Amino acid sequence: MKFSTIAIIAACYGASVDAFASAPLRTGFGIQNGALKMSTAVETDKMAALATAAKEARGLAMDSIAAAHSGHMGLPLGCAEIGSVLYGSQMTYNPTDPTWINRDRFILSAGHGSMFVYSWLNLAGYDLPIEELKNFRQHHSMTPGHPEFPSSEHNTPGIECTTGPLGQGISNAVGFAASEKMAAAVYNTADHKIFDHHIFALAGDGCIQEGVSSEAACFAAHEKLDNLIVMYDANEVTLDKMAEYTQSEDVIKRYQAYGWETYDIDGHDLALVEETIAAAKASNNGKPKFIKCNTIIGKGMEETEGTNAAHGEAGVPYVDKAKANIGLPEGEKWYVSEETRNFFKGVQEKNKAVYDEWQATFAAWSEANPALAKQLNDAVNDNVMSAEEMIGAIPEMKSGAEATRVSGNKVIQEIAKLVPHYISGSADLHGSTRNYINDGGNFGSGLDKTYSGRNLYFGIREHAMGSIMNGFAYHGLFKISGSTFLVFVDYMRATLRVASLSELNRVSYILTHDSIGVGEDGPTHQPVETVSGLRVIPNLDVYRPSDAEETTAAMVHSVTRKEGPTALIFSRQNIAQNDAMDFMARREGALKGAYIAKEETADLDLIIIATGSEVPYGLEVAKDLPGARVVSMPCMEVFERQTDEYKESVLPSSCTKRIAMEAGVTGLWYKYASKVVGVDRFGFSAPGNIVMKELGMSAENLAAEIASMS
């Protein structure tokens, strides 16, 4: 459906009083002043250049998808005008310094339309040559099927986060916006403003339908993240059917109810798109911005446009005809005119002037605030002391029997002192998960909150919490941990997976109430399969420590690891300390993933492997078995990365009589032991000690199982 500029502005103005309060309304009145006539002529030239760029971006997308015989053509064709305005007019960036900390960020939440962002990065001058567009979706190219955050696998400048799972990008954008607000509050001064950028996200119906986007949208409005601008590609199409088949709500009213400022425009009207985005940027009223851009999916390809067939590569047979119809030179592939290249050189010069001015401000700020400048440099580069240094800097815990969640609370206070850019948050469970940073203040707007607060209250929104945490990590200034009960981590599993494949070492997860030991709350709250379910995610380190000193090592690992995220699995119930072993030896051993917690006193004939709250059972049983060695294995993944020599020293191949014990499913432990004492069923409601005993988690049962071994 097509809309005129005046009709759309009038409709928006009538529907929402503040929607266009600051928007420059266009009218048909003539302007006689000569200078203004010249300005109007320049503006006309710019609009023509933006229109040409949109046309050529469509061509780049069509050619790349046709060459790959794979991809999603609908969004790049349907949103070309939006991309033209963003990269050609409204965003501030420097393609020669793609990680400039005050650049505007663009997130393609509808990541399947990846040729949209690749085309615009090329046109905007980023180091993404045409050859890489020609290699779209090919092995080792810089243009994978969905955008991927720079990592050991891909390094595509200008890609701000990994998207593809729908709903994640728009929710990540909330994390970006929160991180920018925090950075501005922590680092800006009365004399120098070094953070004042905007976060842009482009999302489609799939992102809006996914529940995580609703969770994140509520958080964004509640915390007044008015630096966030979401553009909704409202093309009335989903993959299977037209959108009317599965949705009928008024999305604009929904976002207004959340507390967003909303706009409803023709997404193909370049001037209106530009006016609206400019108005959204200028509106600092405490409301995030939601721009419904009414578009035609696959615009320019008559055979498929406006239908669900346009979503994917169904239009490939019609590419040549479509390119000719929109005015591209016949027979030329990946065509970009000299005029468009020159136009974007002008855009680069304009943005470079802003960049240079910022650099001067930054230099003055750094000179005036040397301590803050060092803190920011450490934050940007993620400079932290080594794990070995950090475990030495944290005092001995000297704890009696206590839950590892309580130990974690003590350790997080020490880490917060050692790592100023470390922050934490919880899904409404600070009182139970114990990850609150004392004297850190609370993040947000209103009540006792400020944007410099180090503790985030996510509400009962685990999925959004995971996505927002990833947004913080992608933004690249803070390290963030988030907490919930372990059994609820499946609500946010998709975000852990993306964090792991994106190698986001700036995020960690504090997951408490770790087993059937939870007790009275019953099987709905007693995780049995969950720890193993996390261990099978590649590049996620999963630590389940057995006492306060192992907890120290686990938390230190989570903030010093460089390759990816860490999940910290903590108990609700008290656990005895292994005080027979030196505290630093326990820390050092835990940093290696597994270590000998009790040496055998005779010839080695049995190895007991345990983790978390089950380690004390192994230590108890081994007292009466001189030939028994107890190995504590808080993290399988870290242990597997040790040298063969170290692994052999802990688990010598000569000793094949091995038994493992964990209050969870047994499957993964058979890699290390021939017999496993575990829990391959759901629990039940009763006091925790009774549940543990009834399901075999006791020293007595472990001893009996050992006795039954040949």
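Note: the structure precedes this text.
Cut-offs applied
Residues numbered from 1 in each chain as written. Predicted model: local features only at pLDDT ≥ 70, side-chain atom pairs only at ≥ 80, totals over all residues. Heavy atoms only, no water. Axes fitted to C-alpha atoms, helices over the stretch in contact; angles between N-to-C directions. Helix = DSSP H or I, 4+ residues; strand = E, 2+ residues; numbered from the N terminus. Parallel < 35°, antiparallel > 145°, perpendicular 65-115°, else oblique. Left-handed = near helix turned anticlockwise from the far one by under 90°. Contact = heavy atoms within 4.5 Å. Nonpolar A, V, L, I, M, F, W, Y, C, P; charged D, E, K, R; others polar. Pairing = 2+ DSSP bridges. Expected span 1.5 Å × (residues − 1). Buried < 20%, exposed > 50% of the residue type's maximum accessible area, 1.4 Å probe, protein only. Right-handed = clockwise from strand over helix to strand, strands pointing away.

The N-to-C vectors of helix H7 (residues 168–187) and helix H9 (residues 211–222) enclose an angle of 20°; their axes lie 8 Å apart at closest approach. As judged from the angle between their axes, H7 and H9 are roughly parallel. In this structure, the crossing between H7 and H9 has a hand that is left-handed. On H9, the residues touching Gln 168, Ile 170, Ser 171 and Val 174 of H7 are Val 212, Ser 213, Ala 216, Phe 219 and Ala 220. Here the residues of the contact of H7 with H9 sort into six nonpolar, three polar and no charged.

Reading across the sheet, the five strands line up as S1-S2-S3-S5-S4 and stay open at both edges, with parallel pairing between neighbours. Each having just a single partner strand, strand S1 (105–108) and strand S4 (261–266) make up the two edges of the open sheet. Pairwise comparison of adjacent strand axes, ignoring direction, gives a mean angle of 20° for this sheet. By the bridge criterion, six bridges tie strand S3 (residues 228–234) to strand S5 (residues 289–294) in an arrangement that is parallel.

Turning to H9, a few remarks are in order. For H9, spanning twelve residues, the distance from its first C-alpha to its last is 17 Å, which sits close to the expected 16 Å at 1.5 Å a residue. Val 212, Ser 213, Ser 214, Ala 216, Ala 217, Phe 219, Ala 220 and Ala 221 are the residues of H9 that are buried.

Here the focus is the sheet that holds strand S16 (residues 628–632). Here we have five strands laid out as an open sheet, ordered S14-S16-S15-S17-S18, and mixed in their pairing. Whereas interior strands pair on both sides, the edge strands pair on one side only; in this sheet they are strand S14 (595–598) and strand S18 (675–677). Averaged over all adjacent pairs, the angle separating strand axes in this sheet is 30°, with direction ignored. Pairing geometry for strand S17 (residues 658–661) and S18, over three bridges, is parallel. Note on S18: the bridge partner recorded for Ile 659 is Lys 675. Here helix H23 (residues 615–622) sits on the sheet and contacts S14, strand S15 (606–610), S16 and S17; the angle it forms with S16, its principal contact strand, is near 165°.

Right, let's get into the pairing of S15. With respect to burial, S15 is a largely interior element, five of its five residues being buried. Here S15 shows two buried faces, one formed by Leu 606, Ile 608 and Ala 610 and the other by Ile 607 and Ile 609. Two elements, S15 and S16, share five bridges in a ladder whose sense is parallel. Directly across from Ala 610, in S16, lies its bridge partner Ser 632. Handedness of the crossover joining S15 and S16 through H23 is recorded here as right-handed. Of the strand pairs in this sheet, S15 and S17 are connected by four bridges, and their pairing is parallel. Looking at S17, one finds that Ile 607 is bridged to Arg 658.

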